[in-house]
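Observations on chain architecture
Single-letter residue listing:
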Amino acid sequence: MEQPDAVIHQPLRLRIMATLKALPRGERLEFVRLRVILNATEGNLGAHLGTLETAGYIRIEKDFNGKKPRTRVSLTEAGTRAYGDYVAFLRAIIDGTGDTTHAN
Amino acid sequence: MTLSPGEAADALRDIAATETHSRQLYGYREASPHLLIWGILWAVGYGLAAALPRYGSAIWAAVVTTGFLAGYATAFRAAIRRGTPAERPVVETRRRAASRLNWTYSGIAFIAALFIAATLAVMSPVSGRQIDAFIPLVVAAGYAVLGLWLGVRFITIGVALAVLTLGGFFLLPAYFGVWMAAFGGGALVLGGLWLRTA
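Residues numbered from 1 in each chain as written. Chains lettered and ligands numbered in written order. Predicted model: local features only at pLDDT ≥ 70, side-chain atom pairs only at ≥ 80, totals over all residues.

Attention now moves to the overall build of chain A. Across its full length, chain A carries 5 helices and 3 strands. Listed N to C, the secondary structure of chain A is α-α-β-α-α-β-β-α in terms of helices and strands. For the C-alpha atoms alone, the extent of chain A along its principal axes is close to 55 × 25 × 20 Å. Sequence-distant contacts, at least 24 apart, represent 60% of the contacts inside chain A between residues at least 6 apart. (Helix = DSSP H or I, 4+ residues; strand = E, 2+ residues; numbered from the N terminus. Contact = placed C-beta atoms within 7 Å.)

As structure tokens, this is what we get:
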């Protein structure tokens, strides 16, 4: 990997990916819970989730839990691969085997 | 712009901390209903066994069976929830979940029964009160060990359970069953609620 993935590289998006990656495969996390875990504002988190969804890295599902609307987020296969590649990129830099440039 | 090895190391540390935090909170949430189930069942089991000591064995057989069935149902619901209907039919998700859980729960039941039976056989003769204290102590140790990987709240619950068990055993031997119904079961219920708030 010569360049880091610009979508994941943003700090909050990276933390979103890390939070979802730690869950069992296929598990969904509610938006409100993700917001608490990441200590992020609703608008900021929503915008970054939109970017990750557009890139195909996460899946956002909206439904009703009883009468309450619910938004749940999960990692896609593409997201899992992209996250793994990004972590490998960081490790390569530390090992001195990777390209250290990244798009800003 | 370049990314230095130091910045890469910082990013990896942040990633590791975030993953650990997420995993711990997830573990707390998943464990919570199991503690609530067993807390209520302990309260019922110890309470009934204290009131009707003649039927102690039958009461505990019913309590343990109920606990395993309720735990299985809870874990099964969680496994179905994790299934992804968009990629896989619900029936297939149910079949896979049941297949995995059947092995897991059979294994847990078999190992737990074997361990407790073997330990009691080796230590025999033991009184009913000793058995009533021994099992909660094993559970407490289990939570404490689990906490080494899954988070400090499990360690706290394990330590609290052990202290309460030993306190009742040594300080209030005549009322140990009632004590465990209130404080052993109560500790698990409170622990379950505490994990839920994580």
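From this point, the narrative continues.
Scanning chain B from terminus to terminus reveals 6 helices and 0 strands. The helix and strand sequence of chain B, counted from the amino end, reads α-α-α-α-α-α. The C-alpha extent of chain B, read off along each of the three principal axes, is 75 × 45 × 30 Å. Taking all 198 residues of chain B together, the buried fraction comes to 26%. Sequence separation of at least 24 residues holds for 63% of the intrachain contacts in chain B that already meet a minimum separation of 6. (Buried ≥ 20, exposed ≤ 12 C-beta atoms within 10 Å, placed from the backbone.)

Facing the 20 residues of chain B at the interface are 19 residues of chain A. In terms of residues, the side of chain B that touches chain A owes the most to one element, helix H1 (residues 5–51) of chain B, which gives 13 residues. Class assignment for the residues of the side of chain B that touches chain A results in 10 nonpolar, 7 polar and 3 charged. (Nonpolar A, V, L, I, M, F, W, Y, C, P; charged D, E, K, R; others polar.)

So, on to unusual backbone geometry. Here Ser124 of chain B and Pro125 of chain B are connected by a cis peptide whose omega angle stands at 5 degrees. Mapped onto the elements of the fold, Pro125 of chain B is located in the loop between helix H3 (90–123) and helix H4 (128–150).

Time to look at the confidence of the model for chain A. Considering every residue of chain A, the mean pLDDT works out to 89; 91% of them sit at 70 or more. Confidence, read as mean pLDDT per element, is least for strand S2 (residues 58–65) of chain A in chain A (90) and greatest for helix H4 (residues 42–54) of chain A (97). (pLDDT = per-residue confidence, 0-100.)

Here the focus is helix H5 (residues 152–171) of chain B. Residue and element names in this part refer to chain B. Between its first and last C-alpha, H5 extends 28 Å over 20 residues, near the 28 Å set by a 1.5 Å rise per residue. Of all the residues in H5, the buried ones are Arg153, Phe154, Ile157, Gly158, Leu161, Thr165 and Gly168. All buried residues of H5 fall inside an arc of 140 degrees around its axis, so they share one side. Relative to its buried face, H5 has exposed residues pointing more than 90 degrees away, namely Val152, Gly167, Phe170 and Leu171. (Expected span 1.5 Å × (residues − 1). Arc of directions from axis to C-beta.)

A word on the nonpolar core. Considering soluble globular proteins, one finds that nonpolar side chains tend to be buried as a cluster. Core analysis: the biggest nonpolar cluster contains 55 residues, and Met17, Leu20 and Ile58 of chain A together with Trp42 and Met180 of chain B have the highest contact counts within it. Excluding residues that lie within four positions of it along the chain, Leu20 of chain A makes contacts with Leu29, Ile58, Val73, Ser74 and Leu75 of chain A. (Core = buried A, V, L, I, M, F, W, Y, C linked by C-beta atoms within 7 Å.)

All names here are of chain A. By the element assignment, Gln10 lies in the loop between helix H1 (6–9) and helix H2 (11–21). Accessibility expressed as a C-beta count within 10 Å gives 14 for Gln10, which makes it partly exposed. C-alpha of Gln10 to C-alpha of Asn39: the two residues are 29 residues apart in sequence and 16 Å apart in space.

Here the focus is helix H5 (residues 77–95) of chain A. Across its 19 residues, H5 of chain A extends 27 Å between first and last C-alpha, which sits within 8% of the 27 Å expected from 1.5 Å per residue. Restricting attention to buried positions, one finds in H5 of chain A the residues Gly79, Ala82, Tyr83, Tyr86, Phe89, Leu90 and Ile93 of chain A. The buried residues of H5 of chain A occupy an angular sector of 115 degrees when the element is viewed end-on, so they sit on one face. Exposed side chains of H5 of chain A directed beyond 90 degrees from the buried face belong to Glu77, Arg81, Gly84, Ala88 and Asp95 of chain A. The elements touched by buried residues of H5 of chain A are H1, H2, S2 and strand S3 (68–75) of chain A together with H1 of chain B. Once H5 of chain A finishes, Gly96 of chain A follows within two positions and takes phi at roughly 80 degrees, a positive value.

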